[in-house]
Amino acid sequence: KEVREIMAFDLFQEIHPRVKMVRDDFKEDEEDDDDDDKKKKKSFKLVLLDPSKVFDQQQDSVTSDTTMSDLTTSSSSTISDVYPLMPPSVLELLISLNAKPGPSISVSIPFRQLTIAQILTKLLPPEAHPPPVSYEVIGHVAHFNLKSHHVPYGNIIGNVVLQKFANSAGIRTVVNKVGEVSGDYRTYQMDVMAASDEQSARDFNATLFENGIKLNFDVRKVYW
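Conventions and cut-offs
Residues numbered from 1 in each chain as written. Predicted model: local features only at pLDDT ≥ 70, side-chain atom pairs only at ≥ 80, totals over all residues. Heavy atoms only, no water. Helix = DSSP H or I, 4+ residues; strand = E, 2+ residues; numbered from the N terminus. Contact = heavy atoms within 4.5 Å. Areas by Shrake-Rupley, 256 points an atom, 1.4 Å probe, with all protein chains shown as cover. Pairing = 2+ DSSP bridges. Right-handed = clockwise from strand over helix to strand, strands pointing away. Axes fitted to C-alpha atoms, helices over the stretch in contact; angles between N-to-C directions. Phe/Tyr/Trp six-rings, centres within 6.5 Å; stacked < 30°, edge-to-face > 60°. Buried < 20%, exposed > 50% of the residue type's maximum accessible area, 1.4 Å probe, protein only. Lys NZ or Arg CZ within 6 Å of the ring centre and 35° of its normal.

> Give a description of the overall build of the protein chain that names residues and reports values.
When you go through the protein chain residue by residue, the secondary structure sums to eight helices and eight strands. For the protein chain, long-range pairs separated by at least 24 residues make up 55% of all intrachain contacts whose partners lie at least 6 apart in sequence. Total accessible area on the protein chain stands at roughly 14800 Å², and carbon and sulfur atoms take up 49% of it.

See the structure below:
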């Protein structure tokens, strides 16, 4: 439990599929005196730690090109030296398990693994935070009901949705509700925030299936 608290779960908690926190790795067994070509590979576990919880921000962090060998052969590369912020109880546990400092690594997260909220938080200015994350999907149309402070960034929001879900959800048109619901059919005006092409920007005829029934209608004329 204590080790888990310094692992990088918080950094990747909303990433799907999950980033592996514990990974298998191998290195040559230094105690094996056999021919170099026949040296055995010794397996071990790499545990992904949160740098902010184990590194002193004032000191130089270990660079990503530092190898496991560099760290373990250096006389000063004990766990307590490399990870000065590690809690004493965790430090004691890892030392008892003969754990060694590992290399710093870069973890690349593909765009499609990030949530809409994570992407928009990076792209939108502070005055537009928190970003909008709620929307309805009607066939190929994604429908937002943006707050006034999000409206100026509608194109950015719409394009993020298109890029993230064009393949998986088939979204081609992203719209925002304008004004209030009115009329006998409770319809509303809408603005197109983004579309995959010019045709999609004019195509509001959505096709979807509900309870085995195929429905086709103009989302501008039907309250859904």
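> Give me the pairing of strand E5 (residues 173–182): which residues, what numbers.
Taken together, the four bridges between strand E4 (residues 141–144) and E5 define a ladder with parallel strand orientation. For His 143, the partnering residue across the bridge sits in E5 and is Val 175. Handedness of the crossover is the feature at issue here: the chain leaves E4, passes through helix H7 (residues 154–165), returns alongside E5, and the resulting connection is right-handed. Both E5 and strand E6 (residues 187–195) contribute to a ladder of seven bridges, which runs antiparallel. Its bridge partner lying in E6, Thr 173 is registered against Ala 195.

> Outline the sheet that holds E6, supporting the account with residue identities and numerical values.
Taken in spatial order, the four strands of this open sheet run E3-E4-E5-E6, and their pairing is mixed. Two strands in the sheet have a free side with no partner beyond their single neighbour: strand E3 (136–138) and E6. On average, each strand axis in the sheet is tilted by 35° relative to the strand beside it, whichever way the strands run.

> Residue-level account of the packing of aromatic side chains, with values.
Tallied over the full model, the rule gives two aromatic pairs. Here the aromatic rings of Tyr 135 and Phe 144 are separated by 5.0 Å at their centres, their planes lie at 25°, and the arrangement is stacked. Centroid distance Tyr 135 to Phe 165: 6.4 Å. Interplanar angle 50°. Geometry classified as tilted. Of the two residues, Tyr 135 sits in the loop between helix H6 (116–123) and E3 while Phe 165 sits in helix H7, which places them 30 residues apart along the sequence. Exposure remark for Phe 165: the relative accessible area of 18% places this residue in the buried category. An aromatic cluster is present here, built from Tyr 135, Phe 144 and Phe 165 joined pairwise through their rings. Between Arg 186 and the ring centre of Tyr 223, over which it is positioned, the NZ or CZ distance is 5.0 Å.

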